[in-house]
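Chains, contacts and geometry: an overview
Below, each chain spelled out in residue letters.
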Amino acid sequence: SCKKEKEYDPHYLNNVDLQFMERLSIANRAEIEKGQIAASKSSNPSVVSFAQKITSNHTLAQQDLQNTAAYLGLSLNTTITSSQEDLISQLNDLAGYSFDTAYMNSQVEDHRIILDLIKLEYNEGNHYAVRAFVNRHLDMFRNHFLKADSVRREL
């Protein structure tokens, strides 16, 4: 019965909480890197504006996530995945319309994945500090998904 009690203790950090924080940390780093590339490489004002907002917002979210992790006594991985590295490499090889569409398509998919992570955290996560983080940033992540989809459709 000890395990059951832990699961309902809002101070108990479960595996879903840990995986959420780790995966979001990596996602934030990738978003920041891709946003910086897009802000400097795109000539489409909508893409540039979106990329600047992504870079700024994900930087703030990452700082908040790292502060939350520090509060919990955790150190988060910030090394992006090899698939994200591959995508960044592909983006660097593109220009113009091809770059803009590839970047915006990746943004829709990346933010769909982030929203899925948030949904899993809401359904199966436990720790109040992780939930508080989600509550602070949920609207931003939702808005990024919607704006990415909108910009992508306008291209």
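Look above for the structure.
Parameters at a glance
- Residues numbered from 1 in each chain as written.
- Predicted model: local features only at pLDDT ≥ 70, side-chain atom pairs only at ≥ 80, totals over all residues.
- Heavy atoms only, no water.
- 1 Å grid on protein atoms, 1.4 Å probe; cavity = no way out; pocket = protein on both sides within 12 Å on 5 of 7 lines; lining within 4 Å.
- Points joined across faces, edges and corners; volume = space filled by probe spheres on them.
- Helix = DSSP H or I, 4+ residues; strand = E, 2+ residues; numbered from the N terminus.
- Nonpolar A, V, L, I, M, F, W, Y, C, P; charged D, E, K, R; others polar.
- Buried < 20%, exposed > 50% of the residue type's maximum accessible area, 1.4 Å probe, protein only.
- Contact = heavy atoms within 4.5 Å.
- Polar contact = N/O pair within 3.5 Å; in protein donor to acceptor, adjacent residues only side chain to side chain.
- Core = buried A, V, L, I, M, F, W, Y, C linked by side-chain atoms within 4.5 Å.
- Expected span 1.5 Å × (residues − 1).
- Phe/Tyr/Trp six-rings, centres within 6.5 Å; stacked < 30°, edge-to-face > 60°.

One number sums up the size of the largest pocket: a volume of about 200 Å³. Looking at the largest pocket, the residues that line it are Arg 23, Ile 26, Ala 27, Glu 31, Thr 81, Ser 83, Gln 84, Asp 110, Ile 113, Ile 114 and Leu 117. Every element with two or more residues in the lining of the largest pocket is listed here: helix H2 (15-41), helix H4 (82-92) and helix H5 (96-124). Considering only residue class, the lining of the largest pocket consists of 5 nonpolar, 3 polar and 3 charged.

Another aspect to go through is the environment of Val 16. Among the secondary structure elements, Val 16 is positioned in helix H2. With a relative accessible area of 15%, Val 16 lands in the buried category. Setting aside chain neighbours within four positions, we find Val 16 in contact with Leu 120, Glu 121, Glu 124 and Gly 125.

Along the chain, the position of His 127 falls in the loop between H5 and helix H6 (128-154). A polar side-chain atom of His 127 sits 3.2 Å from the main-chain carbonyl oxygen of His 11. Leaving out residues up to four positions away in the same chain, His 127 has contacts with Pro 10, His 11, Tyr 12, Leu 13, Asp 17 and Leu 72.

Okay, the nonpolar core next. In terms of nonpolar packing, the biggest core is built from 19 residues, with Phe 20, Met 21, Leu 24, Ile 118 and Phe 141 touching the most fellow members. Of all the secondary-structure elements, those providing two or more residues to this core are H2, helix H3 (45-71), H5 and H6. Sort the elements by how many residues they give to this core and H6 lands first, with 7 residues. Ignoring anything within four residues of it in the chain, the contact list for Ile 118 reads Phe 20, Val 134, Leu 138 and Phe 141. By size, the runner-up hydrophobic cluster in this structure holds 18 residues, among which are Ala 51, Leu 87, Met 104 and Val 151.

Compared with an ideal rise of 1.5 Å per residue, which puts 27 residues at 39 Å, H2 spans 39 Å between its outermost C-alpha atoms and is within 8% of the ideal. The N-cap residue of H2 is Asn 14: its side-chain oxygen and the backbone nitrogen of Val 16 are 3.1 Å apart.

Going through the model one piece at a time under the given rule, you end up with 3 aromatic pairs. Ring centres 6.4 Å apart and planes at 65 degrees place the aromatic pair Phe 50 and Tyr 103 in the edge-to-face group. With a gap of 53 residues between them, Phe 50 in helix H3 and Tyr 103 in helix H5 connect regions that are remote in the sequence. Its relative accessible area of 0% is what places Tyr 103 among the buried residues. Judged by centre distance (6.1 Å) and plane angle (5 degrees), the ring pair of Phe 99 and Tyr 103 falls under stacked. Placement of both Phe 99 and Tyr 103 in helix H5 is noted, with a separation of 4 residues, approximately one turn of the helix. In this structure an aromatic cluster arises from ring pairing among Phe 50, Phe 99 and Tyr 103.

If you trace the backbone, Ser 150 turns up in helix H6. Assessed through its relative accessible area of 28%, Ser 150 is described here as partly exposed. A C-alpha to C-alpha distance of 22 Å links Ser 150 and Thr 59, two positions 91 residues apart in sequence.

The subject of this paragraph is the side chain of Asn 28. Examined against the element boundaries, Asn 28 turns out to sit in helix H2. Once you skip the residues sitting within four places of it in the chain, Asn 28 turns out to touch His 58, Ala 61, Gln 62, Leu 65 and Phe 141.

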